[in-house]
Amino acid sequence: MAHKNFGSKPWLQPMPVAIIGTYNAEGKPNAMNAAWVGEWDLSQITISLAKHTTTANLEVNGEFTVALANKQNLIAADYVGITPATKDPDKVATCGWTVEKAENVNAPVFTNFPITLECKVAEKIGQTEPGGGCNLVADIINVRCEEEYLDANGNPDLDKIQLICYDSIGNTYRVLGESVGNAFKDGAQLAK
């Protein structure tokens with residue numbers, strides 16, 4: 001079978017579209033789209049951040065939120081990724097998002113998003129200067145889901161939510177698709 005090599009590419013898919021919410025020293029909310037987010041373990045996530053207003057805000061307060069973007073928020077989610085706070089200092093208002101303070105951390109919740117993780121910085125890896133880029137490891141303090149996106153059992157319903165992911169191969173956003181199997185169960189069919 002023929003194949004094509006592409007060299008070193010960060011093409012691990014799907015990549016969640018994660019909106020990082022922080023407060024600055026004056027308590028003003030800021031949002032940025034962080035493409036490089038992943039699970040670290042059962043109660044932590046990792047985020048790769050370049051130098052941004054968000055990294056400076058995390059120096060002031062190591063608490064933040066991660067809102068998972070859905071199809072309904074695609075345009076605004078992309079906007080906070082391509083527009084720095086230095087160009088639009090009130091980009092949260094530009095997006096028309098409703099903001100409230102998180103219950104468990106000192107960070108904003110953008111209630112227009114279906115799922116929000118409330119987090120605290122546990123470790124910064126590779127940071128060479130204050131407010132500079134780094135890889136964060138963060139403790140997940142709480143996961144919040146807006147009630148309209150819950151299923152009959154009270155759990156988040158990914159079909160209702162329509163989470164989007166970043167397709168780094170095609171440089172597009174995609175909606176997560178249908179359920180095709182049962183984790184930790186279907187493979188048992190091959191057990192002898």
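To start, this report covers the structure provided alongside it. (Residues numbered from 1 in each chain as written. Predicted model: local features only at pLDDT ≥ 70, side-chain atom pairs only at ≥ 80, totals over all residues. Heavy atoms only, no water.)

**Regarding the pattern of salt bridges**
A side chain of one charge can pair with a side chain of the opposite charge when the charged atoms of the two come close.
Item 1. Counted under the stated rule, the structure contains five salt bridges.
Item 2. Salt-bridge contacts for D167 lead to R174; the nearest nitrogen and oxygen are separated by 2.7 Å.
Item 3. Beyond isolated ion pairs, a larger network of salt bridges with shared partners links E100, R144 and E146. (Salt bridge = Lys/Arg side-chain N within 4 Å of Asp/Glu carboxyl O.)

**Details of the sheet that holds strand 12 (residues 172-175)**
Item 1. Within the open sheet, the three strands sit side by side as 1-11-12. Their pairing is antiparallel. Sheet topology places strand 1 (15-16) and strand 12 at the edges, where each strand pairs with a single neighbour. (Pairing = 2+ DSSP bridges. Helix = DSSP H or I, 4+ residues; strand = E, 2+ residues; numbered from the N terminus.)

**Focus on the nonpolar core**
Item 1. Of all hydrophobic cores here, the largest spans 22 residues; its most connected members are I47, F64 and V66.
Item 2. Secondary-structure elements contributing two or more residues to this core are strand 2 (18-23), strand 3 (29-34), strand 5 (44-49), strand 6 (63-68), strand 9 (115-125) and strand 10 (134-145).
Item 3. The biggest single contributor to this core is strand 10, with four residues.
Item 4. Ignoring anything within four residues of it in the chain, the contact list for I47 reads I20, A34, W36, V37, F64, V66, C134, N135 and L136.
Item 5. One finds A31, C95, F110 and F113 within the second-largest nonpolar core, a separate group that totals 16 residues. (Core = buried A, V, L, I, M, F, W, Y, C linked by side-chain atoms within 4.5 Å. Buried < 20%, exposed > 50% of the residue type's maximum accessible area, 1.4 Å probe, protein only. Contact = heavy atoms within 4.5 Å.)

**Focus on the sheet that holds strand 2**
Item 1. Taken in spatial order, the seven strands make up an open sheet running 3-2-6-9-10-5-4, and their pairing is antiparallel. With one partner strand each, in any of the chains shown, strand 3 and strand 4 (37-41) form the two edges of the open sheet. In this sheet, neighbouring strand axes are inclined to one another by 35° on average, regardless of whether the strands run parallel or antiparallel.
Item 2. Note: strand 5 against strand 10, six bridges, orientation antiparallel. Each bridged residue has a counterpart across the sheet, and for S48 the counterpart in strand 10 is N135. (Axes fitted to C-alpha atoms, helices over the stretch in contact; angles between N-to-C directions.)

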